[in-house]
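Spelled out, the chains give:
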Amino acid sequence: TTVVYADINSDLNTEATKMNSLASSQGNNKVVDKISSQFSDFLGADSKTVVTGLRNGTPITLTRTNPTPGTTTTTTTAAPTTTTTTITPPTGKMGAGNVFISLALAKQQLAQMGITQPTPEQLNAALVGGTFPTGTTAAGAVTTSEPLRGILTMRSEHMGWGKIAHELGFKLGPVVSSLKQTNQTITTTPTASTTSSATTASGTQIKGGSQSGIVTGSGKSHGNSAV
């Protein structure tokens, strides 16, 4: 069992390092976009904001607009309320691989609690630590979840991913598989190319490499075939 556990940790580190390398060789934006799409079902429209914030180690501000319960009339409607939650990663800047692992573990932890699309408060508790409302009693009192240590907080305390997963009662196998599959997708997806352009003397921009040959004094561009 110890050997298998060590092998899984080794595989996880290998795939995390590979994702970091892909961010360098194929562009950080491409990898951030892929991680964001991977967790879009979990984080919704906030996915890229969360991934970017974790990558840069900067505070992540998320807002939610909720309708205000109350009495309405034919002429007035209760105004919605907006709540703001700021997630401050205690880990500082993170490699792309570690960002992926953090979100994968947070997704597993909240899923065990029956939460598949967390509110900002719930996500903050899973990543940084804390509690959040889970519902109300028959008498109307708000109930709260069990305190969560916070995956990023544990990581900032120099805990390895294997130990963190063990603390949460998870196995790393599914995380390794998902990380490996994402790396393969990044590798096989073409990187978006940029279109070259030339500007004439009159300020008109002409796109396309074949049109960037000669610019005359009058501002007319002649392709290479006209040379």
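Whatever comes next refers back to the structure up there.
Procedures and definitions
Residues numbered from 1 in each chain as written. Predicted model: local features only at pLDDT ≥ 70, side-chain atom pairs only at ≥ 80, totals over all residues. Heavy atoms only, no water. Helix = DSSP H or I, 4+ residues; strand = E, 2+ residues; numbered from the N terminus. Buried < 20%, exposed > 50% of the residue type's maximum accessible area, 1.4 Å probe, protein only. Areas by Shrake-Rupley, 256 points an atom, 1.4 Å probe, with all protein chains shown as cover. Salt bridge = Lys/Arg side-chain N within 4 Å of Asp/Glu carboxyl O. Pairing = 2+ DSSP bridges. Phe/Tyr/Trp six-rings, centres within 6.5 Å; stacked < 30°, edge-to-face > 60°. Contact = heavy atoms within 4.5 Å. Axes fitted to C-alpha atoms, helices over the stretch in contact; angles between N-to-C directions. Parallel < 35°, antiparallel > 145°, perpendicular 65-115°, else oblique. Left-handed = near helix turned anticlockwise from the far one by under 90°. Nonpolar A, V, L, I, M, F, W, Y, C, P; charged D, E, K, R; others polar. Expected span 1.5 Å × (residues − 1). Arc of directions from axis to C-beta.

Details of the overall build of the protein
Working step 1: Within the protein one finds nine helices and eight strands.
Working step 2: For the protein, buried positions account for 34% of its 227 residues.
Working step 3: Within the structure as shown, the protein displays about 12,800 Å² of accessible surface, and the carbon and sulfur contribution to it stands at 52%.

Side note on the pattern of salt bridges
Pairing between side chains of opposite charge can happen when their charged atoms approach one another.
Working step 1: Tallied over the entire structure, the rule returns five salt bridges.
Working step 2: Here Arg 149 ties to Glu 167 by a salt bridge, and the two come within 3.4 Å at their closest N and O atoms. Of this pair, Arg 149 sits in the loop between β4 (142-144) and α7 (151-156) while Glu 167 sits in helix α8 (residues 161-168), and the two are 18 residues apart along the sequence.
Working step 3: Arg 149 sits in the partly exposed class, given a relative accessible area of 44%.
Working step 4: The class for Glu 167 is partly exposed, based on a relative accessible area of 44%.
Working step 5: Each of Arg 149, Glu 157 and Glu 167 takes part in a single network of salt bridges with overlapping partners.

Notes on the pairing of strand β3 (residues 133-136)
Working step 1: With three bridges connecting them, β3 and β4 associate as antiparallel partners. In the strand pairing of β4, Gly 135 is matched with Thr 143.
Working step 2: Taken together, β3 and the strand that follows it, β4, pair antiparallel across an intervening segment of five residues, in which Gly 140 is found at a positive phi of about 95°.

Considering the packing of aromatic side chains
Each aromatic ring pair is characterised by the separation of its centres together with the angle its planes make.
Working step 1: For the structure on display, the rule yields one aromatic pair.
Working step 2: On the basis of an interplanar angle of 65° and a centroid distance of 5.1 Å, the ring pair of Phe 39 and Phe 100 is categorised as edge-to-face. With Phe 39 in the loop between α2 (28-38) and α3 (40-43) and Phe 100 in helix α5 (residues 96-112), this pair connects stretches of sequence that are 61 residues apart. We note that Phe 39, like Phe 100, is buried.

Overview of the side chain of Asn 9
Working step 1: With respect to the helices and strands, the residue Asn 9 is situated in helix α1 (residues 2-25).
Working step 2: Not counting residues within four places of it along the chain, the set of residues in contact with Asn 9 comprises Gly 162 and Leu 172.

Focus on the packing of α2 against helix α4 (residues 47-56)
Two quantities define a packed helix pair, namely the angle between the helix axes and the distance between the axes.
Working step 1: Closest axis-to-axis distance for the α2/α4 pair is 9 Å, and the angle between their directions is 130°. As far as their axial angle goes, α4 and α2 are oblique. Crossing angle aside, the handedness with which α2 passes α4 is right-handed. Along its contact with α2, which presents Asn 28, Val 32, Asp 33, Ile 35 and Ser 36, the element α4 presents Ser 47, Lys 48, Val 51, Thr 52 and Arg 55.
Working step 2: Per-class residue counts for the contact of α2 with α4 are three nonpolar, four polar and three charged.

Quick notes on unusual backbone geometry
Working step 1: Phi at His 158 is positive, roughly 65°, even though this residue is not glycine.
Working step 2: Within the fold, His 158 resides in the loop between α7 and α8.

With respect to the environment of Gly 92
Working step 1: Summarising the element assignment, Gly 92 is placed in the loop between β2 (81-87) and α5.
Working step 2: Sequence separation of Gly 92 and Pro 59 is 33 residues, and the distance between their C-alpha atoms is 9.7 Å.
Working step 3: Setting aside chain neighbours within four positions, we find Gly 92 in contact with Leu 54 and Gly 57.

A few points about the environment of Gly 53
Working step 1: Inspection of the secondary structure assignment puts Gly 53 in helix α4.
Working step 2: C-alpha separation for the pair Gly 53 and Pro 89, spaced 36 residues apart in sequence, amounts to 8.1 Å.
Working step 3: Other than its neighbours up to four places away in sequence, Gly 53 contacts Thr 58, Ile 60 and Pro 89.

Some details on helix α9 (residues 173-188)
Working step 1: The end-to-end C-alpha distance of α9, which contains 16 residues, comes to 23 Å, matching closely the 22 Å that a straight helix rising 1.5 Å per residue would cover.
Working step 2: All of the buried residues in α9 are Val 175, Val 176, Leu 179, Thr 182, Asn 183 and Ile 186. All buried residues of α9 lie within an arc of 130° about the axis, which places them on one face of the element. Opposite the buried face of α9, at more than 90 degrees from it, the exposed residues are Pro 174, Gln 181 and Thr 188.

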